[in-house]
Amino acid sequence: MFTGIITGVGRIAAVRNLGSSSSHGKRLSIATPPGYLDDVGLGDSIALNGACMTVTSLDSAQQQFTIDISVESLDKTAGLAEENAQLNLEKALRANDRLGGHIVSGHVDGIGTVRRFAPVGESWELRVLAPPALARFLAYKGSITVNGVSLTVNSVSDVADGSEISINLIPHTVENTSLGTLREGSRVNLEIDTVARYVERMLQAGMLPAATS
């Protein structure tokens, strides 16, 4: 589990094929900030742009670790196989950590497209088009994870090709995550709020208790 509070910005230092066919995944070498790996061990979970991955090797001298990513994961995420691309990093939540964002599983639910990213006063407005399948999970003042960052939805507009959400980014978020590199047309990983997922399931199954007067 994660919180959507980014603990470092890394970089994809190398991308290697795990096999010769299209059914093989890739091995990524991730460069991290100095000291980031001091409390990381083999098999630990680290979210890369919101996608939970397993550390398969560590090189403390080079401040790098590797992960293996399957074809299925590559197909369902964005920006995880582009050499030199920046990545938002978050280590898995520990039992005694602060829950500063919201409960995040590290499972990408869909890929959104940036419609607008522009300064508004001292902040930035980020508009993202979410796919139609996620529209029913998006709500005003609800939570959403964009490339691993826990954010609050300021507005929702349902359109023909999905649902467009508007998000306000304070300067601290832009400066301390990879969201500052986004441009119109950028593809981003989206994870819906866990609570919304369960409410949807209960509504579908008719599990919610009847209202009493």
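Everything here concerns the structure above.
Residues numbered from 1 in each chain as written. Predicted model: local features only at pLDDT ≥ 70, side-chain atom pairs only at ≥ 80, totals over all residues. Heavy atoms only, no water.

> Tell me about the overall build of the chain, and please be specific about residues and values.
The number of helices and strands found in the chain is three helices and 13 strands. Taking 17 Å as the expected radius of gyration for a compact globule of 213 residues, we find that the chain reaches 18 Å, a close match to that expectation. Dimensions of the chain, computed from C-alpha atoms along their principal axes, come out at roughly 65 × 40 × 40 Å. Within the chain, the fraction of its 213 residues that count as buried is 42%. Here the contacts in the chain between residues at least 6 apart in sequence split such that 68% fall between residues at least 24 apart. (Helix = DSSP H or I, 4+ residues; strand = E, 2+ residues; numbered from the N terminus. Rg over C-alpha atoms; globule rule 2.2 N^0.38 Å. Buried < 20%, exposed > 50% of the residue type's maximum accessible area, 1.4 Å probe, protein only. Contact = heavy atoms within 4.5 Å.)

> If you had to explain the nonpolar core to someone new, which residues and values would you point to?
Ranked by size, the top nonpolar core spans 24 residues in total, and within it Leu 126, Ile 144, Val 146, Ile 167, Leu 169 and Leu 190 carry the most contacts. Broken down by secondary-structure element, the contributors of at least two residues to this core are β8 (110–120), β9 (123–130), β10 (143–146), β11 (149–159), β12 (162–169) and β13 (187–192). For Leu 126, the residues in contact, after removing those within four places along its chain, are Val 114, Arg 116, Phe 117, Val 146, Ile 165, Ser 166, Ile 167, Leu 169 and Leu 182. Listed in part, the 18 residues of the second largest apolar core include Val 40, Ile 46, Ala 51 and Leu 80. (Core = buried A, V, L, I, M, F, W, Y, C linked by side-chain atoms within 4.5 Å.)

> Provide a residue-level description of the environment of Asn 189, including the pertinent values.
If you trace the backbone, Asn 189 turns up in strand β13. What makes Asn 189 buried here is its relative accessible area of 1%. Sequence separation between Asn 189 and Ala 78 is 111 residues; the distance between their C-alpha atoms is 6.0 Å. In terms of polar contacts, Asn 189 uses its side chain to reach the backbone carbonyl oxygen of Asn 49, at 3.2 Å. (Polar contact = N/O pair within 3.5 Å; in protein donor to acceptor, adjacent residues only side chain to side chain.)

> Describe the sheet that holds strand β4 (residues 51–54), and please don't skip the residues or the numbers.
The seven strands are arranged β4-β3-β7-β1-β2-β6-β5 in an open sheet whose pairing can be described as antiparallel. The two strands at the open ends of the sheet, each matched to only one other strand, are β4 and β5 (57–59). The sheet shows a mean angle of 35° between the axes of neighbouring strands, taken without regard to direction. Where strand β3 (residues 45–48) and strand β7 (residues 86–91) come together, three bridges link them in antiparallel fashion. (Pairing = 2+ DSSP bridges. Axes fitted to C-alpha atoms, helices over the stretch in contact; angles between N-to-C directions.)

> Could you give an account of the sheet that holds β11, naming the residues involved and the relevant values?
An order of β8-β9-β12-β11-β10-β13 is seen for the six strands of this closed barrel, with the pairing classed as antiparallel. The average undirected angle you get between the axes of adjacent strands in this sheet is 45°. Of the strand pairs in this sheet, β11 and β12 are connected by six bridges, and their pairing is antiparallel. Note on β12: the bridge partner recorded for Asp 158 is Ser 163.

> Give a description of the pattern of salt bridges that names residues and reports values.
This model, assessed by the stated rule, comprises twelve salt bridges. When the shortest N-O distance is used, the salt bridge between Arg 94 and Asp 39 registers 3.9 Å. With a gap of 55 residues between them, Arg 94 in the loop between β7 and β8 and Asp 39 in the loop between β2 (26–31) and β3 connect regions that are remote in the sequence. Residue classification places Asp 39 among the partly exposed residues on the basis of a relative accessible area of 46%. (Salt bridge = Lys/Arg side-chain N within 4 Å of Asp/Glu carboxyl O.)

> Break down the environment of Arg 183 for me, citing the residues and quoting the values.
With respect to the helices and strands, Arg 183 occurs in the loop between α2 (171–176) and β13. Note: C-alpha distance between Arg 183 and Asn 168 (15 residues apart in sequence) is 15 Å. A distance of 3.4 Å separates a polar atom in the side chain of Arg 183 from the backbone oxygen of Gly 180.

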